[in-house]
Amino acid sequence: MLEERPLTYDHRAIEPAWQARWEADGIYRADDADPRPKYYVLEMLPYPSGDLHVGHAKNYTLGDAVARMMRMRGNNVVHPMGWDAFGLPAENAAIQRGIDPDSWTRQNIDNMRRQIKLMGTGYDWTREFATCDPEYYKWNQWFFLRMYERGLAYKRETPVNWCPHDQTVLANEQVHDGRCWRCGHLVERRNLSQWNFKITDYADRLLAGIDRLDGWPERIKTMQRNWIGRSEGATFSFDIEGIGDARIEVFTTRVDTVFGVTFMAIAPEHPIVAKILAAIPPEKATVEAFAASLSSKSELERTQLMEKTGVPTGAFAINPLSGERVPIWVTNYVLAEYGTGAVMGVPAHDERDFEFAQKHGLPIRQVIVPGEGTGELVAGDLTEAYCDDGVLVNSAQFDGVESADARIAIIEELESRGRGKMTVNFRFRDWLISRQRYWGTPIPMLYCERDGMVPVPDDQLPVVLPRGVAFTGQGSPLANDAAFINTTCPKCKGPAKRDPDTMDTFVDSSWYFVRYLDPHDSTKAFDKAKASAWMPVDQYIGGAEHAVMHLLYARFFYMFMIDAGYITGDDEPFTRLFNQGTLLRGGEKMSKSRGNVVGIDETVETYGVDAMRLFLLKAAPPEDALEWTDEGIVGRVRFIQRVWRACEPLAAEAGRTPLDQLPACAGDAQRALVRALHLALKSAHDETSTRRFHYNVTTARLDELVNLLTAATRDEALAHDPAVLYAIHALPIALAPFAPHIADELWQRMGHATSVHIERMLDADPAALAVDEITVVIQVNGKVRGRVQAAPGVGEDDVFALALAESGVQQHTSGKTVRKKIFVPDKLLNIVVA
RNA sequence: GGGGAAGUGGCGAAACGGUAGACGCAGUCGCCUCAAAAGCGACCGAGUGUGAGCUCAUGUGGGUUCGAUUCCCACCUUCCCCACCA
């Protein structure tokens with residue numbers, strides 16, 4: 001028997017020691033000059049909220065396994081980590097608890113960095129930065145100025161949530177039931193002049209680029225397409241009766257229904273409202289009261305009202321095609337921000353218009369009928385809008401024309417009269433980046449009494465966020481800070497004021513992945529050659545909650561950078577995207593606010609990092625939601641200990657066994673063992689190559705291997721067999737991407753001076769996977785009736801002969817005629833009888 | 001309302017056109033032990049049979065196929081995202 005001694009893998013001693021050693025040796029640093037093929041693995045930039053839980057560990061463990069796997073497959077891997085450090089929580093901490101946002105954030109970063117290292121992750125920490133570092137956000141300001149120069153950053157009046165008591169702008173999440181989160185006063189809408197990035201200029205490119213993103217999940221691409229929301233239609237104008245040259249422009253995708261217009265619906269904010277009321281005053285009071293009742297409500301509330309309401313303005317519009325006179329209504333269901341802010345009301349062919357017309361007794365006229373140009377009206381009394389295409393009726397010269405043709409013909413008619421044209425509208429709007437907050441990147445703009453709006457010159461960047469400002473919760477800390485606001489105009493040297501706003505934190509995360517490639521450059525955002533060499537990100541990993549905004553903004557920014565020539569290559573930054581599933585506990589997403597978190601520190605202390613990592617990889621495919629269970633991780637602790645007991649006593653001996661050739665296998669047990677090893681290797685390679693990352697299957701293969709190893713090492717006759725020693729020697733390599741600590745510890749005990757993590761992953765050898773006897777399944781009429789053993793490559797006739805000797809097969813074939821045989825070599829023979 | 005994903009043992013899951021349930025968790029039994037824990041071993045979808053086995057079984061109903069968990073259609077259920085975008 002093997003020597004009896006306490007065989008326990010002591011994670012508390014071993015794991016921290018390896019983490020220290022890796023850091024000291026710098027084995028995860030990426031070298032720009034390394035000639036091997038580059039591979040950029042990136043997990044989405046985390047917000048330093050404070051404490052990590054095992055849900056975060058799920059995300060980082062997968063990224064880490066992928067990075068380690070790619071490194072061991074011979075790539076020059078860059079795998080960086082940093083902090084999305086600006087944002088509202090830090091400012092709330094300042095307001096509520098008087099903590100400086102910078103100190104609060106830095107403390108959180110320190111703790112989270114410690115915890116991420118505790119997970120045994122292999123990041124290149126030399127590339128770390130936080131977006132709240134002036135050395136980083138300086139370049140946010142620099143990019144802003146470059147966009148401004150190109151007309152991609154512009155100012156526009158936009159409504160915001162405004163608390164009249166605290167005299168401050170509120171983020172949507174600070175408004176609860178229409179009231180201020182701090183003081184409970186009713187929130188109003190107020191217009192402020194704010195900065196926007198003209199992302200809509202890139203709408204078509206952002207949309208077209210999606211088609212090339214073969215490595216992205218289909219659902220994310222669909223969400224982006226829907227968010228961009230391209231729709232083709234016509235924009236044309238109606239005259240307003242009695243008001244000189246005033247016209248109302250409408251946008252519609254169904255210009256074929258234009259003869260069915262029975263009213264005009266406009267948003268209360270539409271500028272024409274004031275003109276109408278000035279010229280035709282009788283309904284002034286009603287309309288203004290209606291507009292006022294909506295003005296305080298956010299778009300969200302208005303749309304959640306669901307019930308469509310409105311009031312007539314007393315004015316009439318003239319249908320440019322029919323010459324018909326229709327009333328103009330102000331309604332809550334037309335959005336000022338989309339299209340032209342005015343809609344032609346066609347109740348017969350639009351659900352919303354139908355609902356509105358029914359409620360307000362407006363006429364409903366059908367002009368599209370289903371079918372092949374019959375011209376027959378289905379009925380005068382529609383019970384719902386008919387929204388499909390069909391054939392036009394009641395439409396003058398367009399009667400009998402198919403909808404699709406009619407749309408083209410009518411647009412041409414309108415165009416010939418100078419009344420309208422074909423247009424494309426997008427659902428998404430320009431990216432509003434101004435935030436009336438402190439903890440963000442100051443917008444590098446000045447307002448001079450003499451020179452007007454003046455950009456901050458590049459040599460005066462960064463505009464540094466002042467420290468020690470007052471956080472009262474009232475007003476904006478920056479706007480209130482006279483020392484910050486008051487400055488000198490770079491043109492006239494006269495007095496000027498700074499823009500009091502900061503940028504949306506999505507700006508920070510829109511280009512950080514390029515900064516990692518040249519993180520300490522103080523002269524530029526990044527070096528063109530370095531960035532162009534490393535980009536694009538080969539594998540991006542993160543949650544689906546960023547499916548739209550972050551990923552769209554980052555794509556936009558990257559296209560801008562390519563266009564500006566800051567970087568060369570394809571204009572899509574993320575070749576492959578992997579969406580991790582969430583971690584659940586008690587059926588709910590693990591989160592601080594739900595109070596169901598399991599901490600990293602406790603888990604690592606109790607069970608060990610490797611056990612935690614293996615559980616997170618093993619329990620489910622990575623894209624699925626995964627339920628955390630304490631029993632599950634105990635099972636992985638058992639696995640770790642089984643590995644230790646099987647391998648550690650034989651480590652030195654196994655370390656002398658060559659790995660560059662397959663061992664001689666004296667018997668079935670040896671062959672099975674070597675085969676199990678190579679099946680595990682094959683799974684690891686396959687899951688990595690296909691980018692499925694279903695390492696839950698790979699870990700199952702490792703379980704099978706370790707089960708065989710356990711049996712073999714307990715058998716005195718087998719324990720020192722070359723095949724057994726070979727498998728033991730290879731196990732740390734196979735285990736390294738998933739359980740990096742025990743892997744390196746065993747590797748060292750096998751006599752290796754360098755880390756297992758810089759070893760080459762072993763290839764799966766087809767010779768080791770081969771078997772000398774296979775089982776062929778015999779089916780009769782598609783049902784399994786027997787199995788026969790044969791040598792691989794056995795022919796159909798031989799299998800058939802063997803099959804007929806099986807009693808189960810005979811039962812179902814005797815007295816019947818064999819009509820057909822389907823033979824799948826080495827797998828199956830299906831005998832079809834009748 | 002629109003879009004997307006998914007329904008397999010007591011549980012997490014595997015197989016994704018070819019032996020359904022690998023592997024793990026929970027459970028049952030055995031060995032070891034004074035005993036327990038740990039460890040090791042066996043069993044572990046349902047029904048039926050002494051047994052070899054047979055029958056049923058991957059949400060429901062159809063279809064394609066020699067053969068379907070896998071592909072197609074419809075329905076049911078659950079989850080996620082977007083929700084008055086003219």
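Located above this text is the structure these notes cover.
Presented here is an overview of the structure given in this document. The structure presented is a predicted model; accordingly, all values stated were derived computationally and were not measured. (Residues numbered from 1 in each chain as written. Chains lettered and ligands numbered in written order. Predicted model: local features only at pLDDT ≥ 70, side-chain atom pairs only at ≥ 80, totals over all residues. Heavy atoms only, no water.)

## A look at the layout of surface pockets
- One number sums up the size of the second largest pocket: a volume of about 420 Å³.
- Gln 19, Ala 20, Glu 23, Lys 117 and Leu 118 are the residues nearest the centre of the second largest pocket, which is lined by 25 residues in total.
- Elements with a contribution of two residues or more to the lining of the second largest pocket: α1 (11-25), α4 (101-118) and α18 (600-607).
- No other element matches α1, which puts 8 residues into the lining of the second largest pocket.
- Split into classes, the residues belonging to the lining of the second largest pocket amount to 10 nonpolar, 6 polar and 9 charged. (1 Å grid on protein atoms, 1.4 Å probe; cavity = no way out; pocket = protein on both sides within 12 Å on 5 of 7 lines; lining within 4 Å. Points joined across faces, edges and corners; volume = space filled by probe spheres on them. Helix = DSSP H or I, 4+ residues; strand = E, 2+ residues; numbered from the N terminus. Nonpolar A, V, L, I, M, F, W, Y, C, P; charged D, E, K, R; others polar.)

## Details of the protein's contact with RNA strand B
- Around RNA strand B lies a shell of 56 residues, among which Thr 253, Lys 308, Arg 352, Lys 618 and Asn 830 are the nearest.
- Of everything in RNA strand B that lies within 4 Å of the protein, sugar and phosphate atoms constitute 66%.
- In the model, a base oxygen of RNA strand B is placed 2.4 Å from a nitrogen or oxygen of the Lys 308 side chain.
- Within the side chain of Asn 696, an N or O atom sits 2.9 Å from a phosphate oxygen of RNA strand B.
- If you tally residues by element for the surface near RNA strand B, the top one is helix α23 (residues 695-713), at 8 residues.
- The residue makeup of the surface near RNA strand B, split by class, is 20 nonpolar, 14 polar and 22 charged. (Near = heavy atom within 4 Å. Polar contact = N/O pair within 3.5 Å; in protein donor to acceptor, adjacent residues only side chain to side chain.)

## Here's the deal with the side chain of Asn 140
- As for its position among the elements, Asn 140 is in helix α5 (residues 134-149).
- Given the relative accessible area of 1%, Asn 140 is considered buried.
- Setting aside residues no more than four positions away along its own chain, Asn 140 makes contact with Thr 441, Met 503, Val 507, Asp 508 and Trp 511. (Buried < 20%, exposed > 50% of the residue type's maximum accessible area, 1.4 Å probe, protein only. Contact = heavy atoms within 4.5 Å.)

## A few points about the side chain of Gln 366
- Within the secondary structure, Gln 366 is located in the loop between α11 (351-360) and β14 (368-369).
- Accessibility expressed as a relative area gives 6% for Gln 366, which makes it buried.
- Here the side chain of Gln 366 touches Ile 368 through a polar contact of 2.9 Å, landing on its backbone oxygen.

## Thoughts on the packing of helix α19 (residues 609-618) against helix α25 (residues 740-749)
- As a packed pair, α19 and α25 sit with axes 7 Å apart at the nearest point and diverge in direction by 125 degrees. Between α19 and α25, the angle is such that the two are oblique. Contacts from Val 609, Asp 610 and Arg 613 in α19 reach Pro 740, His 741 and Ile 742 in α25.
- Split into classes, the residues belonging to the contact of α19 with α25 amount to 3 nonpolar, 1 polar and 2 charged. (Axes fitted to C-alpha atoms, helices over the stretch in contact; angles between N-to-C directions. Parallel < 35°, antiparallel > 145°, perpendicular 65-115°, else oblique.)

## Structural notes on the sheet that holds strand β24 (residues 539-543)
- Taken together, 4 strands build an open sheet; the order of strands is β2-β1-β24-β25 and the sheet is parallel. Strands at the two margins of the open sheet, each flanked by one partner only, are β2 (76-78) and β25 (577-580). When the angles between neighbouring strand axes are averaged without regard to direction, this sheet yields 20 degrees.
- Inspection of the sheet shows strand β1 (residues 38-43) paired to β24 by 3 bridges, in the parallel sense. In the sheet register, Val 41 faces β24, and the bridge partner there is Gln 539. (Pairing = 2+ DSSP bridges.)

## Some words on the packing of aromatic side chains
- Counted according to the given criterion, the structure contains 44 aromatic pairs.
- Seen in terms of ring centroids, Phe 86 and Tyr 137 are 5.5 Å apart; in terms of plane orientation they differ by 45 degrees. Their pairing is tilted. A residue pair is termed long-range when its members are at least 10 positions apart, and Phe 86 in the loop between β2 and α3 (88-97) and Tyr 137 in helix α5 qualify at 51 residues. Note on accessibility: Phe 86 and Tyr 137 belong to one class, buried.
- A ring pair is formed by Phe 426 and Phe 428, whose centres lie 6.3 Å apart and whose planes are at 70 degrees; its orientation type is edge-to-face.
- Taking NZ or CZ as reference, Lys 117 lies 5.1 Å from the ring centre of Trp 125, over its face. (Phe/Tyr/Trp six-rings, centres within 6.5 Å; stacked < 30°, edge-to-face > 60°. Lys NZ or Arg CZ within 6 Å of the ring centre and 35° of its normal.)

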